[in-house]
4 protein chains.
Amino acid sequence: MGGNSFGKTFRITTFGESHGTGIGVVIDGCPSRIPLSEDDFVDEMARRRPGRTPLDTPRSEPDRVEILSGVFEGLTTGTPIALFVRNQDVKSEPYEIIRSLFRPGHADYTYFKKYGQFDFRGGGRSSARETAARVAAGVVAQKVLAPLEIRIAAYTLEMGGIRAEHIDLDAVHKNPFYCPDMAVVDKMRKVLRAANEAGDSIGGIVEVRATGCPSGLGEPVFDKLSADLAKGVMSVGAVKGIEIGAGFEAARLKGSQNNDPMTPAGFKTNHAGGILGGISNGDDIVLRAAIKPIPSIMMEQETIDREGRPARLKLQGRFDISAVPRIVPVLKAMAAVVLADHYLRWKSIL
Amino acid sequence: MGGNSFGKTFRITTFGESHGTGIGVVIDGCPSRIPLSEDDFVDEMARRRPGRTPLDTPRSEPDRVEILSGVFEGLTTGTPIALFVRNQDVKSEPYEIIRSLFRPGHADYTYFKKYGQFDFRGGGRSSARETAARVAAGVVAQKVLAPLEIRIAAYTLEMGGIRAEHIDLDAVHKNPFYCPDMAVVDKMRKVLRAANEAGDSIGGIVEVRATGCPSGLGEPVFDKLSADLAKGVMSVGAVKGIEIGAGFEAARLKGSQNNDPMTPAGFKTNHAGGILGGISNGDDIVLRAAIKPIPSIMMEQETIDREGRPARLKLQGRFDISAVPRIVPVLKAMAAVVLADHYLRWKSIL
Amino acid sequence: MGGNSFGKTFRITTFGESHGTGIGVVIDGCPSRIPLSEDDFVDEMARRRPGRTPLDTPRSEPDRVEILSGVFEGLTTGTPIALFVRNQDVKSEPYEIIRSLFRPGHADYTYFKKYGQFDFRGGGRSSARETAARVAAGVVAQKVLAPLEIRIAAYTLEMGGIRAEHIDLDAVHKNPFYCPDMAVVDKMRKVLRAANEAGDSIGGIVEVRATGCPSGLGEPVFDKLSADLAKGVMSVGAVKGIEIGAGFEAARLKGSQNNDPMTPAGFKTNHAGGILGGISNGDDIVLRAAIKPIPSIMMEQETIDREGRPARLKLQGRFDISAVPRIVPVLKAMAAVVLADHYLRWKSIL
Amino acid sequence: MGGNSFGKTFRITTFGESHGTGIGVVIDGCPSRIPLSEDDFVDEMARRRPGRTPLDTPRSEPDRVEILSGVFEGLTTGTPIALFVRNQDVKSEPYEIIRSLFRPGHADYTYFKKYGQFDFRGGGRSSARETAARVAAGVVAQKVLAPLEIRIAAYTLEMGGIRAEHIDLDAVHKNPFYCPDMAVVDKMRKVLRAANEAGDSIGGIVEVRATGCPSGLGEPVFDKLSADLAKGVMSVGAVKGIEIGAGFEAARLKGSQNNDPMTPAGFKTNHAGGILGGISNGDDIVLRAAIKPIPSIMMEQETIDREGRPARLKLQGRFDISAVPRIVPVLKAMAAVVLADHYLRWKSIL
C-alpha cells in the first residue's frame with residue numbers, strides 16, 4: 001500500500017526510478033481482446049520525451065515501451081499487462097552533489113525524512129521520469145475507452161504568464177509547446193528563452209478536455225469523477241492546483257450565473273465542466289492544472305545538507321526550463337486512466 | 001465499490017440520504033483505547049449545522065451523533081465505529097416539483113441518467129446533508145492525530161468576492177462566516193444579504209491550514225498527501241477547485257521565486273504548502289478550495305423534465321445563500337481524515 | 001482497514017457487537033432498481049436465529065432488519081444500503097466473569113492482546129452475533145444474482161460425527177438441523193442431546209452448493225473464485241477448514257481419477273467443484289466447511305486471567321450446543337456475497 | 001482489479017505467462033532500509049524449480065530474479081520493488097494441440113469462456129510458472145518479518161497417500177520431496193515412480209508451520225489471519241482445500257476436546273492452529289493444504305474442442321508427476337506474504 005497504484009477496476013501500479021533499470025507499469029483489469037502492440041505507444045511516448053525543443057534536457061531516450069505480459073497474438077488476454085521502458089543514458093555522476101545536499105523544491109528532503117535513505121540519482125522515484133509509465137498506461141486506457149468514442153485533448157493553456165487566447169485543437173501538435181493558439185507560440189518561446197538565459201524556470205497551466213463522454217461516469221460521494229480526476233492530476237509531480245469547469249472563477253460567480261441552464265438540446269453553458277454531483281453529465285469534461293516552475297535551476301540556492309547544516313547549492317548540467325509541454329501528454333494520460341476506470345466501474349452496475 | 005468509502009488504513013464509509021432515516025459513517029481502522037463519547041461531536045456538528053445566520057435554511061436539526069458500535073466503557077475498541085445522525089424535520093413535500101424536473105447545477109440529472117431513478121427528496125444522497133457524516137468522521141480522525149499535535153484550522157478566505165486580508169485564527173469562531181478577518185465580516189454580510197434579496201446565491205474560497213505536521217506523511221506517486229487531499233476536498237459537493245501552497249499562482253512564478261530556500265531553522269517560504277514530492281515537509285500544510293454558489297436559487301430557471309421536454313423551474317422554500325461557512329468544518333474534517341489515514345500508513349513502515 | 005469489509009465491486013462493511021446497540025452492514029456497489037424491502041430479510045434472518053431447537057440459547061430476538069438507507073420507493077438507488085439489526089435481550093451480567101478470565105477457544109485473549117481492551121460482553125465484536133449482518137447482506141447479494149438464476153443451497157452434511165448419506169434439498173428445511181437426509185435427523189438429535197447433558201458441545205461440516213452459475217466468474221491468480229470463497233467462509237468464526245469439490249480427498253486421487261472428463265453435454269464428474277483455474281466452469285460450485293465445536297461449554301476449564309495467573313472457569317447460563325445449524329444460512333450468505341461480487345466484476349470486462 | 005494483487009499494506013501484484021517474456025511481481029508497501037540483493041532469492045527459487053528429481057519436467061531454468069526497482073545501494077528504498085524472472089527454454093510447439101482442445105482439469109476452458117481467447121502456451125497465466133513470482137515475493141516478505149523472529153517451515157505431509165509419521169524439520173531439505181520423515185521417503189519415491197510409469201499423476205498434503213509469531217496479527221471479522229491465509233493458499237493453482245489447526249478433524253471433536261486449555265506457560269494444546277478469533281495467539285500457526293494431482297497426464301483423455309465437439313486428447317512431452325514438492329516453497333511464501341502484510345497492518349495501530 002505504498003501508494004504506487006491508481007484506479008480500482010482499471011488499476012495501474014507503477015515502479016522504477018530515474019536512474020535505475022527502467023520505469024514500468026502493471027495494468028490489471030483491462031478487458032481482453034483489445035488489439036495492442038508496442039507500436040501503439042510510440043506517438044504518446046514521443047510527446048512526453050525530452051529533447052523536443054532546443055532548450056530541453058539533452059537526455060533523449062527513445063523510450064521504447066516493451067510489453068512484458070498480457071498480450072497474446074496481438075490481443076490483450078485479460079491478464080495483467082506489464083509495460084517496461086528501459087532507462088538509457090543514465091549518467092548519475094551529475095547527481096553526486098545531491099547525495100549530501102537537498103535541492104530546494106524537490107522531494108529529496110521529504111524522501112530522506114520518510115525513508116531514511118533515497119535513490120538521489122535524478123530524483124530516483126520522485127523524478128518526472130516516473131510519468132513515462134503513466135503515459136504508457138494512458139495509451140491502454142484510451143483503447144479501453146474506444147467503445148465510448150471519447151476524445152481527450154490536452155494542451156498548454158498558459159506558460160510563463162503567456163496565455164492562449166483561442167483554443168484550436170489542430171494547432172496543438174504544430175508547435176513544440178502544445179499550445180492551441182499559434183498566435184502566442186512566439187511569446188512562449190521568448191519567455192522560455194529568457195528564463196533559460198537567466199538560469200531560471202517557468203510554470204504554466206495545462207487544460208484537458210474530454211469530448212463525447214456519456215452521462216453516467218463517476219460515483220457518488222468520494223469516488224466522484226471530479227475527485228478521482230483531482231487525485232490523478234494532483235499526483236503528477238509538478239501540479240499544485242486543479243480545477244474543474246469554471247473552477248476558482250466559480251467562487252466569484254452568482255448561482256444564477258454559474259448554473260448551466262438545461263434545454264432539450266443540452267446544457268447552454270458548461271461551468272460545471274461536464275460533471276454534476278461527481279457524475280459526468282454528457283457535456284465536455286474540462287479541467288485545468290497549475291504547473292509549478294521546475295525546481296532545478298542554474299542559480300545558486302540556499303539549502304541544508306543531510307546533517308542539517310547550511311549550504312549553497314549550484315546545480316550543474318542542463319535541465320528542462322518548464323515542465324509544461326512535457327506534462328501535457330501525462331495529464332491526458334491520467335484523464336484517460338480515470339475515465340477508463342470509471343467506464344469499467346459503470347459497466348458493472350449496468 | 002460504489003464510491004462511498006475513503007481512506008485506506010483509516011477508512012470511512014458513509015451512507016444515508018437527505019430525507020431518509022439519517023446519515024451515518026462506519027470508521028474502520030481506528031486504533032483502540034482512544035477516549036470517545038457522543039459529546040465529542042457536539043461542537044463540530046454545530047459548526048456544520050444550518051441555521052447559524054438569519055439567512056440560513058430554517059431546517060435546524062440538533063444533529064446529535066449516536067455511537068452505534070466500536071466504543072466500550074468510553075474507549076474505542078479497535079473495531080468499527082459506526083456513527084449515526086438521525087434525520088429530523090424532513091418535510092419532503094417541497095421537493096415534489098423535482099420528481100419530474102431537473103434542477104440546474106444539481107446532481108438530479110446525472111443520478112437519474114446513471115441509476116434510472118433517484119431519491120430526489122432534498123437531493124437524496126447528493127445532498128450537502130451527506131457531509132454531516134464527514135464531520136463526524138473528522139472528529140474521530142482528529143483524535144487519532146492527537147499524538148502528533150497537529151492543529152487544523154479552516155476558515156472562509158473569500159465569500160461573494162470579499163476576501164480576508166489578514167488571517168487571525170482567533171477571529172474565525174467569532175463571526176458566523178468563519179472569516180479570519182473581522183474587518184471584512186460586514187462586507188460579507190452585505191453581499192450575502194444582497195444575494196438573498198435577489199433570490200440568488202454566492203460562492204467563495206475556503207482555506208485549510210494544518211500546523212505541527214511532521215515530515216513524512218504521504219506516499220510517493222499516486223497516494224501523495226497532496227493527491228489525497230485533492231481527492232478528499234474535491235469530493236465535497238460544491239468544490240470546483242483545489243490548490244496547495246502557491247497553487248495556481250505558482251504557474252506564474254519563476255523557479256527562483258517558487259522554490260522555498262532551506263535553512264537549519266526550516267523553510268524560508270512556503271510556496272510548497274508543506275508538501276514536497278507528495279510528502280509532508282514539516283511546514284504548515286496549506287490548501288484552498290473553490291466553492292461554487294449554491295445551485296438552489298429562487299429565480300426562475302430554464303430546465304428540462306425527465307422526458308427531456310423544456311420546462312421552467314422556480315424553487316419554493318428557503319435555501320442557504322452560500323455553502324461557504326457550512327463547508328468550512330467539512331473541509332477541516334476531510335483534511336483530518338486524510339492526515340489520520342496517512343499517519344497510520346506511515347506507522348506501518350516505521 | 002481494520003478488516004471489516006469484504007468484496008471489491010459488491011462490497012460489504014459490517015459493524016456492531018453482541019451486546020452493544022446492534023449489528024449492521026453497509027453494502028456499497030449494489031446496482032439500482034432492485035426491489036428491496038425489510039420483509040425480504042425475514043426468512044433468512046429467522047434461519048440464523050437461535051431458539052429454533054429446544055437446546056438452543058434462549059436469547060430469541062426477532063432480528064428485524066431495518067433499512068437505514070439506499071432504498072427509495074421500494075427500489076435500490078445505487079447508493080449505499082445500510083442495514084441495521086438492533087440488539088435486544090442483552091443482559092451482560094452473565095459475562096462479568098470474563099471481564100477478568102479468558103474463555104478457552106474464544107477470542108477473548110487475542111482481542112485483549114491486540115487491542116489492550118475489549119468489549120467482553122457476549123464476545124463483543126467476535127461474537128457469532130456478528131453473522132447477522134452477513135446474512136442480511138446475503139439477502140441483497142442473492143437479489144443481485146437474480147439475472148443469473150443461480151440457486152444456492154446450504155445444509156448440514158455432518159454434525160457430531162453423524163453424516164448425511166443422501167442429499168435431498170427438499171428435506172433441508174423440514175428439520176431443525178438443516179440436514180438434507182431425514183434418515184439421520186434422529187441420530188443428530190441424540191448426539192446433540194448427549195452433548196448437552198454432558199455440558200459439552202459438538203461440531204460438524206456444512207456443505208454449500210450453487211447451481212446455475214455460468215462459466216466465467218472468478219479472476220486469475222489471487223482473486224480466484226475458490227480463493228474468495230475460501231476467505232469468505234474461513235472468515236466465519238467457527239470455521240477451521242474449507243474444501244472445494246473433491247477437496248482433501250483429491251490429495252489421494254490420481255490425475256486420471258480426479259480430472260473431470262469433458263463432453264459436449266458438460267463435465268462427466270465434478271471433482272473440481274465447479275471451478276477450474278479459479279474461474280467457474282458452469283458446473284455446480286460445491287464447497288464444504290469444517291465447523292469446530294462451540295467453545296462455550298458448561299464444564300470447568302483451565303485458563304488464565306488478565307494478569308496471566310492460572311484460574312478455573314465455569315461458565316454460567318445457556319449456550320448453543322452446536323454452531324452448525326445456525327451457521328448454515330451464514331455460509332449460504334457468504335457464498336452469495338462472493339458470487340455477487342464476482343458477477344459484478346465480470347460485467348465490468350464484458 | 002483483475003485479481004492479480006494480494007495483500008493490503010504489504011501488497012504484491014504479479015504478472016507474466018508461462019511462455020511469454022517472463023514472470024514478475026511488484027511489491028508495494030515494503031519498508032525502507034532492508035538489505036536486499038538478487039542473491040537473496042537463489043535458494044528459495046531453486047526449491048521451486050523443476051528438475052530436482054529425475055521424474056520432473058526437463059525444463060530447468062535457472063530462474064534468476066532480477067531486481068528492476070526499489071533497491072538502492074543494497075537497501076530497499078520504500079518504493080515499489082519490481083522483480084522479474086525471465087523465461088527461458090520456452091518451446092511452445094508442444095502446446096499447439098491445446099490451441100483447439102481443452103485439457104481436462106486445467107483452466108483452458110474457463111479462460112476461454114471468460115476472455116474469449118487465451119495464451120494457451122503452457123497454460124499461459126494459469127500455469128504453475130506464475131508461482132515463481134510468489135516465491136520471489138515471499139523472500140522479501142520474510143525479510144520484512146525479520147524483527148519478529150518468525151520462522152516458517154513448509155513440508156510434504158503426505159504424497160500419493162504416503163504420510164509422514166513424524167515431523168523432523170531437519171529432514172525436510174535432505175530429500176527431494178521436502179518430506180519431514182526420512183522413513184517414508186522411499187515409499188514416496190515408489191508411488192511417484194509408479195504413477196510415472198502409468199502415465200498418471202498424484203497429489204498430496206502440504207503443511208506450513210510458523211513459529212515465533214506474537215499474539216496480535218490478524219483483524220476481526222473478514223481479514224482474519226486465518227481467512228487471509230485461506231485465500232492466499234487457495235489461490236495457488238492446485239490447492240483444493242485448506243485447514244487450520246485441527247481443521248476438519250475439529251468437526252468431530254467435542255468442545256471439551258477441541259478447546260486449548262490456557263496456562264501461565266501458554267496453551268496446553270494447539271487445536272486452534274495458533275489463531276483465535278482470526279488473531280494469532282502466540283502459539284505455532286499451523287495449516288495444511290490439499291494438493292490435487294497434476295491434471296497433465298500421459299493417458300488419453302476425453303475432452304471437447306473450442307467448438308464444443310467431442311475429442312480425444314493425448315498430451316505429448318514430459319510433465320511433473322506431482323505438484324507437491326514444488327508447491328512447498330510456494331505455500332511457505334504465501335504464508336510469509338500474509339504474515340508480513342498483517343505485521344505491517346498491526347504496526348499501524350500500535
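Higher on the page you've got the structure.
Residues numbered from 1 in each chain as written. Chains lettered and ligands numbered in written order. Predicted model: local features only at pLDDT ≥ 70, side-chain atom pairs only at ≥ 80, totals over all residues. Heavy atoms only, no water.

Caption draft 1: How the structure looks around the overall build of chain A. Of the regular secondary structure elements, chain A holds seven helices and 18 strands. C-alpha atoms of chain A, sized along the principal axes, occupy 65 × 50 × 40 Å. Taking all 350 residues of chain A together, the buried fraction comes to 70%. In chain A, 71% of the contacts between residues at least 6 apart in sequence involve partners at least 24 apart. Surface summary for chain A: the accessible area is close to 10,800 Å², and the carbon and sulfur share equals 50%. (Helix = DSSP H or I, 4+ residues; strand = E, 2+ residues; numbered from the N terminus. Buried < 20%, exposed > 50% of the residue type's maximum accessible area, 1.4 Å probe, protein only. Contact = heavy atoms within 4.5 Å. Areas by Shrake-Rupley, 256 points an atom, 1.4 Å probe, with all protein chains shown as cover.)

Caption draft 2: Just the packing of aromatic side chains, in detail. The tally for this structure, following the rule as stated, stands at 34 aromatic pairs over all chains. Between A:Phe15 and A:Phe84, the ring centres sit 6.0 Å apart and the planes meet at 15°, which makes this aromatic pair stacked. Of the two residues, A:Phe15 sits in strand β2 (residues 11-16) while A:Phe84 sits in strand β7 (residues 81-86), which places them 69 residues apart along the sequence. Since its relative accessible area comes to 2%, A:Phe84 is described here as buried. With 5.6 Å between their ring centres and 45° between their planes, A:Phe102 and A:Phe112 make a pair best called tilted. Pair noted here: A:Phe102 is in the loop between β7 and α2 (108-115) and A:Phe112 is in helix α2, with a separation of 10 residues, a long-range link. Overall, the relative accessible area of 2% leaves A:Phe102 in the buried class. Members of the aromatic cluster, each reached through a chain of ring pairs, are A:Phe102, A:Tyr109, A:Phe112 and B:Phe267. (Phe/Tyr/Trp six-rings, centres within 6.5 Å; stacked < 30°, edge-to-face > 60°.)

Caption draft 3: The interface of chain A and chain B, seen in detail. Listed by partner, the interface residues are 102 residues for chain A and 103 residues for chain B. At the boundary of chain A with chain B, total buried surface from both sides reaches about 7,900 Å², with 62% on carbon and sulfur atoms. When the area that chain A buries against chain B is broken down by residue, the three leading residues are A:Lys114, A:Phe222 and A:Met262, summing to 11%. The interface formed by chain A and chain B contains eight salt bridges. (Buried area = accessible area lost by both parts, 1.4 Å probe. Salt bridge = Lys/Arg side-chain N within 4 Å of Asp/Glu carboxyl O.)

Caption draft 4: Looking closely at the sheet that holds strand β4 (residues 65-69) of chain D. Residue and element names in this part refer to chain D. On the basis of which strands lie adjacent, the open sheet formed by five strands has the order β1-β2-β3-β7-β4 and antiparallel pairing. Edge positions in the sheet fall to β1 (5-6) and β4, since each has one partner strand and no second. As paired elements, β1 and strand β2 (residues 11-16) share two bridges and run antiparallel to each other. Note on β2: the bridge partner recorded for Phe6 is Ile12. Those strands touched by helix α3 (residues 131-144) are β2, β3 (22-28), β4 and β7 (81-86), and its axis lies near 35° from that of β3. (Pairing = 2+ DSSP bridges. Axes fitted to C-alpha atoms, helices over the stretch in contact; angles between N-to-C directions.)

Caption draft 5: Main features of the relation of the copies chain A and chain C. The transform that puts chain A on chain C rotates by 180° and translates by 0.0 Å along the axis, for an RMSD of 0.0 Å. What the rotation and shift describe, once combined, is the action of a two-fold rotation axis. Nearest to the rotation axis, the C-alpha of A:Ser348 is located 2.2 Å from it, this being the minimum over chain A. Interface overlap between copies is the fraction of interface residues in one copy that are interface residues in the other; for chain A against chain C it reaches 100%, indicating a shared surface. (Least-squares fit on C-alpha atoms with pLDDT ≥ 70 in both.)

Caption draft 6: Up close: the interface of chain A and chain C. Contact with chain A, which involves 10 residues of that partner, is made by 10 residues of chain C. Here chain A meets chain C over a buried area of about 840 Å², counting both sides, of which 59% is carbon and sulfur. On the chain A side of the contact with chain C, A:Lys347, A:Ser348 and A:Ile349 bury the most area, a combined 51% of that side's loss. Taken together, the connections running from chain A to chain C amount to zero salt bridges. The tally of links from chain A across to chain C stands at two residue pairs in polar contact (both at pLDDT 80 or more). Counted by class, the side of chain A that touches chain C contains five nonpolar, four polar and one charged residues. (Polar contact = N/O pair within 3.5 Å; in protein donor to acceptor, adjacent residues only side chain to side chain. Nonpolar A, V, L, I, M, F, W, Y, C, P; charged D, E, K, R; others polar.)

Caption draft 7: Molecular detail of the relation of the copies chain A and chain B. By a simple turn and slide, chain A fits onto chain B: the slide is 0.0 Å along the axis, the RMSD is 0.0 Å, and the turn is 180°. Interface overlap between copies is the fraction of interface residues in one copy that are interface residues in the other; for chain A against chain B it reaches 100%, indicating a shared surface.

Caption draft 8: Representation of the packing of helix α3 (residues 131-144) of chain A against helix α7 (residues 324-349) of chain A in the model. Residue and element names in this part refer to chain A. At their nearest, the axes of α3 and α7 sit 7 Å apart, and the two run at 45° to each other. Considering their axes alone, α3 and α7 lie oblique with respect to each other. Every pair of crossing elements has a handedness; the one defined by α3 and α7 is left-handed. Facing Thr131, Arg134, Val135, Ala137, Gly138, Ala141, Gln142 and Val144 of α3, the residues of α7 in contact are Pro329, Val330, Lys332, Ala333, Met334, Ala336, Val337, Ala340, Tyr343 and Leu344. (Parallel < 35°, antiparallel > 145°, perpendicular 65-115°, else oblique. Left-handed = near helix turned anticlockwise from the far one by under 90°.)

Caption draft 9: Structural view of unusual backbone geometry. Even without a glycine there, the phi angle at A:Glu149 is positive, about 55°. When you line up the elements, A:Glu149 lands in the loop between α3 and β8 (151-159). In this structure, D:Glu73 takes a positive phi of about 50° despite not being glycine. Mapped onto the secondary structure, D:Glu73 falls in the loop between β5 (71-72) and β6 (75-76). Since its relative accessible area comes to 52%, D:Glu73 is described here as exposed.

Caption draft 10: Representation of the pairing of β7(A) in the model. All names here are of chain A. Counted residue by residue, β7 has five buried out of six residues, so it is predominantly covered. Two elements, strand β4 (residues 65-67) and β7, share three bridges in a ladder whose sense is antiparallel. The partner of Val65 across the bridge, within β7, is Val85.

Caption draft 11: Region of interest: the side chain of A:Ser322. Residues and elements named next belong to chain A. Inspection of the secondary structure assignment puts Ser322 in the loop between β18 (310-313) and α7. A relative accessible area of 5% means that Ser322 is categorised as buried. Separated by 3.0 Å, the side chain of Ser322 and the backbone oxygen of Ile202 make a polar contact. Separated by 3.1 Å, the side chain of Ser322 and the backbone nitrogen of Val324 make a polar contact. Excluding its chain neighbours within four sequence positions, the residues that come into contact with Ser322 are Met159, Leu192, Ile202, Gly203 and Ile294.

Caption draft 12: Quick peek at the sheet that holds β4(A). Read across the sheet, five strands follow the order β1-β2-β3-β7-β4 (chain A) without closing on themselves; strand pairing throughout is antiparallel. In this open sheet, the two strands that pair with only one neighbour each are β1 (5-6) and β4 of chain A.

Caption draft 13: Focus on the pattern of salt bridges. In the structure shown here, the tally under the stated rule is 112 salt bridges over all chains. Among the ionic pairs, A:Arg99 bridges to D:Glu73, the shortest N-O distance being 2.9 Å. Here A:Arg99, found in the loop between β7 and α2, pairs with D:Glu73, found in the loop between β5 and β6, and the two come from separate chains. With a relative accessible area of 33%, A:Arg99 lands in the partly exposed category. Of the charged contacts in the structure, one is a salt bridge between C:Arg121 and C:Asp119, with a shortest N-O distance of 2.9 Å. Overall, C:Asp119 belongs to the buried group, its relative accessible area being 5%. Residues participating in the shared-partner salt-bridge network are A:Lys8, A:Glu219, A:Asp223, A:Asp228, A:Arg345 and B:Lys231.

Caption draft 14: Layout of the environment of D:Gly2. Mapped onto the secondary structure, D:Gly2 falls in the segment before β1. Accessibility expressed as a relative area gives 4% for D:Gly2, which makes it buried. Leave out the neighbours within four places in its chain, and D:Gly2 touches A:Asp28, A:Gly29, C:Glu219, C:Pro220 and C:Arg345.

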